[in-house]
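Listed below are the residues making up each chain.
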Amino acid sequence: MSQQLLLNNGIPMPALGLGVFQSPPEETAAAVEAALIAGYRHIDTAAAYGNERQVGDGIRRSGIDRGEIFIETKVWVSDYGYGETLHAFEKATRKLGVDQIDLLILHQPAPDRFDRTIAAYRALQQLLADGKVRSIGVSNFMRHHLRDLLAQADVVPAVNQIELHPYFAQPDVQKANAEHGILTQAWSPIGGITFYPGWGEDRRNVLQDPVIAGIAAAHAKTPAQVMLRWQLQHGRSAIPKSTNPGRIAENFAVFDFELTAEQLAGIDALDTGVRNGPDPDVPRPLFERVIPED
């Protein structure tokens, strides 16, 4: 059992996907295979993760038909620009071993070089028009980034993937997405991304929150399952990450219970307004990282 969301261009997308951020390449193929066997049909990766090739390997090892699997990946900042982004697509498809990508998104707004961001998005629009990708989107775009992009874009992004968990729900970005018909997709949906050098070393663990623990006990579910259910019942896509087969399967077992309105409101009230990951408005040296050809 799963759940589908309809993107603004009519493309259906499985609401729950496996994320592979920080998944070591040597563990990624097995994680993807385990996820697909467990029932996932949506895999989210990125050029900057360095594991697109292993995602493709895991998909093939699963034996599940490519047409049943929704593949999402991201263009890194060093490949922004019109021609550069068209080439980034070629690199991604070569590594993944596919001809078409279901959702291709820009990984960061990179406001320090936003002219290149716009050129990259125009390349995504061309790939969409050519049928090389089925849908396009962005990641980590705040309201003002969306405003500036939409002033120059012909196609409204289908998805905006942002940090979103009970301690950091970004209501204004969610509202901006909704105003334009953009689906909100949550990375770190259970607050589980635990290593960003220089960011949030003193942060609290959402998995240990007593409100969530109480709701989990009431449903005989884990805190992670409750948080994923919270994401889905709010109409969002969620991309939990794990390489542990048991945890991968556990994260998918969220379609057999429902949170009450009171429980949803209780989780909503946990928002601290404090992000765990990097601020999208702050340039980083990592933006210069070169994405290999193979």
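Residues numbered from 1 in each chain as written. Predicted model: local features only at pLDDT ≥ 70, side-chain atom pairs only at ≥ 80, totals over all residues. Heavy atoms only, no water.

Draft legend 1. Spotlight on the overall build of the protein. Looking only at helices and strands, the protein features 10 helices and 10 strands. Against the globule reference of 19 Å for 294 residues, the protein gives a C-alpha radius of gyration of 18 Å, in line with a compact fold. Projected onto the principal axes, the alpha-carbon positions of the protein cover approximately 55 × 45 × 35 Å. Scored against the burial criterion, the 294 residues of the protein give a buried share of 55%. Long-range contacts, defined as pairs at least 24 residues apart, comprise 75% of the intrachain contacts of the protein with a sequence gap of at least 6. Just so you have it, the protein exposes about 11,800 Å², and 53% of that area is on carbon and sulfur atoms. (Helix = DSSP H or I, 4+ residues; strand = E, 2+ residues; numbered from the N terminus. Rg over C-alpha atoms; globule rule 2.2 N^0.38 Å. Buried < 20%, exposed > 50% of the residue type's maximum accessible area, 1.4 Å probe, protein only. Contact = heavy atoms within 4.5 Å. Areas by Shrake-Rupley, 256 points an atom, 1.4 Å probe, with all protein chains shown as cover.)

Draft legend 2. Structural detail: the packing of aromatic side chains. This structure, assessed with the given rule, holds 4 aromatic pairs. Relative to Tyr-49, the ring of Phe-21 has its centre 5.3 Å away and its plane inclined at 55°; by these criteria the two rings are tilted. A residue pair is termed long-range when its members are at least 10 positions apart, and Phe-21 in the loop between strand S3 (18-19) and helix H1 (25-38) and Tyr-49 in the loop between strand S4 (42-44) and helix H2 (52-62) qualify at 28 residues. The same class applies to Phe-21 as to Tyr-49, namely buried. (Phe/Tyr/Trp six-rings, centres within 6.5 Å; stacked < 30°, edge-to-face > 60°.)

Draft legend 3. Fine view of the confidence of the model for the protein. Residue-level pLDDT values for the protein average 95, and 96% of them are 70 or greater. Across the protein, the element-wise mean pLDDT spans from 96 in H1 up to 99 in strand S6 (residues 103-106). (pLDDT = per-residue confidence, 0-100.)

Draft legend 4. Molecular detail of the environment of Tyr-167. Structurally, the position occupied by Tyr-167 is in the loop between strand S8 (159-163) and helix H6 (171-179). Of the residues examined, Tyr-167 reaches a relative accessible area of 6% and is grouped as buried. When neighbours within four sequence positions are excluded, Tyr-167 is seen to be in contact with Arg-204, Asn-205, Val-206, Asp-209, Leu-270, Asp-271, Thr-272, Gly-273 and Val-274. One polar contact links Tyr-167 to Asp-209, side chain to side chain, over a distance of 2.6 Å. (Polar contact = N/O pair within 3.5 Å; in protein donor to acceptor, adjacent residues only side chain to side chain.)

Draft legend 5. The arrangement of the sheet that holds S6 in detail. The sheet built from 8 strands is open, its strands ordered S3-S4-S5-S6-S7-S8-S9-S10 with parallel pairing. Of all strands in the sheet, those bounded by a partner on one side alone are S3 and strand S10 (237-239). Its contacts with the sheet place helix H3 (residues 82-96) against strand S5 (70-75) and S6, and it is angled at close to 135° to S5. (Pairing = 2+ DSSP bridges. Axes fitted to C-alpha atoms, helices over the stretch in contact; angles between N-to-C directions.)

Draft legend 6. Seen up close, the pattern of salt bridges. For the structure shown, the criterion picks out 17 salt bridges. The partner of Arg-116 in a salt bridge is Glu-84, and the shortest N-O contact between them spans 3.0 Å. With a gap of 32 residues between them, Arg-116 in helix H4 (residues 114-129) and Glu-84 in helix H3 connect regions that are remote in the sequence. Arg-116 sits in the partly exposed class, given a relative accessible area of 34%. Beyond isolated ion pairs, a larger network of salt bridges with shared partners links Arg-66, Asp-102 and Arg-134. (Salt bridge = Lys/Arg side-chain N within 4 Å of Asp/Glu carboxyl O.)

Draft legend 7. Representation of the pairing of S8 within the structure. With 5 of 5 residues buried, S8 lies mostly within the body of the structure. Where strand S7 (residues 136-139) meets S8, 3 bridges bridge the pair, whose relative direction is parallel. Note that in S8 the partner of Gly-137 across the bridge is Val-159. In this region the chain leaves S7, passes through helix H5 (residues 143-150) and returns to the parallel neighbour S8; the handedness of that crossover is right-handed. Pairing analysis gives 5 bridges linking S8 to strand S9 (residues 183-187), with the strands arranged parallel. What sits directly across from Ile-162, in S9, is Ala-186. With respect to chirality, the unit in which S8 leads through H6 into the neighbouring parallel S9 is right-handed. (Right-handed = clockwise from strand over helix to strand, strands pointing away.)

Draft legend 8. The arrangement of the side chain of His-42 in detail. By the element assignment, His-42 lies in strand S4. Engagement of the side chain of His-42 in a polar contact is seen with the backbone oxygen of Pro-14, the distance being 2.9 Å. In contact with His-42, not counting residues within four places along its chain, are Met-13, Pro-14, Leu-16, Gly-17, Leu-18, Phe-70, Glu-72, Gln-185, Ser-237 and Ile-239.

Draft legend 9. A look at helix H10 (residues 261-268). For H10, every residue scored as buried is listed here: Gln-263, Leu-264 and Ile-267. The arc enclosing the buried residues of H10, seen along the axis, measures out at 100°, which places them on a common side. Exposed residues lying more than 90 degrees from the buried face of H10 are Ala-261 and Glu-262. On the buried face of H10, the contacting elements are helix H7 (210-219) and helix H8 (223-233). (Arc of directions from axis to C-beta.)

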